[in-house]
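Chain by chain, the residues run as shown.
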Amino acid sequence: MEKPKVVLGVSGGIAAYKACELLRRLTESGHDVRVVPTASALNFVGAATWSALSGHPVSTEVWDGVHEVPHVRIGQGADLVVVAPATADVLARAAHGLADDLLTNTLLTARCPVVFAPAMHTEMWEHPATQENVATLRRRGAVVIEPAVGRLTGVDTGKGRLPDPGEIFEVCRRVLDRGPAAPDLAGRHVVISAGGTREPLDPVRYLGNRSSGKQGYALARTAVARGARVTLVEANTGLPDPAGADVLRAGTAVQLREAVLEAAADADVVVMAAAVADFRPAAYATGKIKKRDGQEPEPVALVRNPDILAEVAGERARPGQLVVGFAAETDDVLANGRAKLRRKGCDLLVVNEVGERKTFGSEENEAVVLGADGSETSVPYGPKEALADVVWDLVTARLG
Ligand SMILES: Cc1cc2nc3c(=O)[nH]c(=O)nc-3n(C[C@H](O)[C@H](O)[C@H](O)COP(=O)(O)O)c2cc1C
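All values derive from a computational prediction rather than experimental measurement.

Scoring rules and cut-offs
Residues numbered from 1 in each chain as written. Predicted model: local features only at pLDDT ≥ 70, side-chain atom pairs only at ≥ 80, totals over all residues. Heavy atoms only, no water. Pairing = 2+ DSSP bridges. Helix = DSSP H or I, 4+ residues; strand = E, 2+ residues; numbered from the N terminus. Contact = heavy atoms within 4.5 Å. Axes fitted to C-alpha atoms, helices over the stretch in contact; angles between N-to-C directions. Patch = residues over 30% accessible without salt bridge, like charges linked within 9 Å, V, L, I, M, F, W, Y side chains within 5 Å. Areas by Shrake-Rupley, 256 points an atom, 1.4 Å probe, with all protein chains shown as cover. Salt bridge = Lys/Arg side-chain N within 4 Å of Asp/Glu carboxyl O. Lys, Arg positive; Asp, Glu negative; His and termini not counted. Charge placed at Lys NZ, Arg CZ, Asp CG, Glu CD. Parallel < 35°, antiparallel > 145°, perpendicular 65-115°, else oblique. Left-handed = near helix turned anticlockwise from the far one by under 90°. Nonpolar A, V, L, I, M, F, W, Y, C, P; charged D, E, K, R; others polar. Near = heavy atom within 4 Å. Polar contact = N/O pair within 3.5 Å; in protein donor to acceptor, adjacent residues only side chain to side chain. Expected span 1.5 Å × (residues − 1). Buried < 20%, exposed > 50% of the residue type's maximum accessible area, 1.4 Å probe, protein only.

## What to know about the sheet that holds strand β1 (residues 5-10)
Then comes step 1: The strand order β2-β1-β3-β4-β5 describes an open sheet built from 5 strands, whose pairing is parallel. In this open sheet, the two edge strands, each paired with only one partner strand, are β2 (32-37) and β5 (143-144).
Then comes step 2: Two elements, β1 and β2, share 6 bridges in a ladder whose sense is parallel. Following the sheet pairing, Val-10 is matched in β2 by Pro-37.
Then comes step 3: Helix α1 (residues 18-28) rests against β1, β2 and β3 (80-86) of the sheet, and its axis sits at about 175° to β1.

Below, the structure written as C-alpha cells:
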C-alpha cells in the first residue's frame, strides 16, 4: 500500500526545531513526508536536517526543479498538509491567498485537509489581524489548533507556545484517519465541560465524585481534529491539556457554571460532560472540622447547586446553539435518560450506565445517545474517542 503523503510546512519561528520531532514521528509511523520550509525557517533549522530526516530534497522557492512543477504538484499530491510552527506571517499570507514562496503555493493547490499549529508571542497571537486571519482560515475549513500556554522565546510566558510535537502528531493522525473530507466542525466554536466538581466542606475535605474527565477530553481531542475551536472547562481531572484546545479550570459547580456560561456566549455547541455535584455543603468551615472525644459528628447539611445543563439548554446564548448533556445512571438507564432529556431541554443526551467498574476512569465506554427528535443511537463498547465521534456526527447533522 502506498504511504500517506504529508507535506510538513515549517515557518520561521523559534519552535522550528520542534518540527524535527514531528517529522520523525510522521516518517516512523509510515508517512511519506515532504518538508517545505520558508526561507525564514532555514535561519532556525537548516535544509540539510529537513532533507536528511525526510529523504526528500528541500526547497523554499518555486524556481528549483521547475520541470517537475513543484509549486503545483506538491500540494496536489498531498493527503495532509501540516504547518508547524505557523508564524503570524504565514497565517496572514495563507488567509490572503498569497503565493510568494513554495509553501504558500502548496497551500493554494492542496485539496486535502490542512492543519496549522501557530506559535508566536502572545501579543502577536492576540492581535486582531492574526485573530481575523485565523478565523478566515477556519471558516474555509482549515484545522487551526490553539497554541499552548507556557514558556515562550526568552523569559516570557503566555499563550503562543507550540504544543508538544507528539500531540500535534496525534491531531494529524486523527485528521488523516478521517480521510479527505473537509473537517466538519471547521469554523465552529465548541465548549466542553469535563471532570467532576469538588464541593469544599472545610480546608482539607470536599464532596466529590468519581468522574475522571476522560470522556470530555476525548470529545475535546476529536473536536480539534474535526476543525473546531475548542474551549474545555475542566474540573479536577489532573489530565494533561489536550493539544489545540483552550483550557479553563474550575473547582466547584458554581465556578464551572461561571466558566461555561462565559465561554458559551459565542459557542455553536455546548457539551456538558462534567459530573457536576447536585448538592454542596450548606456551610464551609474555615478551620478543619475536628473529631471530639465522646461526641458524634454534626450532620452535614446540603444545599442545591445550580443546574447548569438546564440553564444552558433553557436560555440558549445564541440562536441555533446545540446543547448536549450526559446522564450517568445506575438503574433504569434508558427510562431515566428519556425523562432527563425532557426535563433539561437539551438536544442530545448521552446516557451511560455507571457503577463500580463501569465508565468512570476507564478508557472505554458504551452509551445510547438520545435525541430530542426521538432518535436513539446505540454506541457499542469501545474507546471513548469512538463515542465522541458519534456525538460529533449527530451534532454536525443537526447544526444549521
Ligand atoms: C529569533 C526570532 C524568533 C521568532 N519567532 C517567531 C515566532 O515564534 N512566531 C512568529 O510568528 N514569528 C517569529 N519571528 C518572526 C518571523 O521570523 C518573521 O515574521 C518572518 O518574516 C516569518 O517568515 P515566514 O512566515 O516566511 O517563515 C521570529 C523572529 C526571530 C528573529
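## A word on a positive patch on the surface
Then comes step 1: Taken together, the side chains of Lys-288, Lys-290, Lys-291 and Arg-292 make up a positively charged region of the molecular surface.
Then comes step 2: With respect to the helices and strands, Lys-290 occurs in the loop between β14 (279-281) and β15 (302-304).

## What to know about the packing of α1 against helix α8 (residues 165-177)
Then comes step 1: Contact pair α1 / α8: the axes reach a minimum separation of 9 Å and the direction vectors enclose 45°. The angle between α1 and α8 places the two elements in the oblique class. Where α1 crosses over α8, the two elements pack in a sense that is right-handed. Across the interface between the two elements, Lys-18, Glu-21, Leu-22, Arg-25 and Leu-26 from α1 touch Pro-165, Gly-166, Ile-168 and Phe-169 from α8.
Then comes step 2: Among the residues forming the contact of α1 with α8, the class breakdown is 5 nonpolar, 1 polar and 3 charged.

## Observations concerning the site of the ligand
Then comes step 1: Among the 15 residues in the neighbourhood of the ligand, the closest are listed as Gly-12, Thr-38, Thr-87, Asp-89 and Arg-93.
Then comes step 2: Between the ligand and Thr-38 there is a distance of 2.6 Å, counted from an oxygen atom to a side-chain nitrogen or oxygen.
Then comes step 3: Residue Ala-119 places a main-chain N or O atom 2.9 Å away from a nitrogen atom belonging to the ligand.
Then comes step 4: Relative to its unbound accessible surface of 640 Å², the ligand loses 65% to contact with the protein.

## Considerations on helix α7 (residues 128-139)
Then comes step 1: With 12 residues, α7 should cover 16 Å at 1.5 Å per step; its first-to-last C-alpha distance of 16 Å lies within 8% of that length.
Then comes step 2: Buried residues of α7: Thr-130, Asn-133, Val-134, Thr-136, Leu-137 and Arg-138, and no others.
Then comes step 3: Elements in contact with the buried residues of α7: α4 (88-95), β4 (114-118), α6 (122-126), β5 and β11 (229-235).

## Overview of the sheet that holds strand β17 (residues 348-353)
Then comes step 1: Taking strand neighbours across the sheet as the criterion, the 8 strands line up as β12-β11-β8-β13-β16-β17-β18-β19 in an open arrangement whose pairing is mixed. Strand pairing shows two members of the sheet lacking a second neighbour, β12 (245-250) and β19 (376-383), which therefore form its edges. Strand after strand, the sheet turns through a mean of 20° between neighbouring axes, direction not considered.
Then comes step 2: Bridge count for strand β18 (residues 364-371) against β19 is 6 bridges, and the pairing is antiparallel. Its bridge partner lying in β19, Leu-370 is registered against Glu-376.
Then comes step 3: Sheet contacts for helix α13 (residues 384-398): β8 (189-195), β13 (269-272), β16 (322-329), β17, β18 and β19; angle to β19, the most-contacted strand, approximately 155°.

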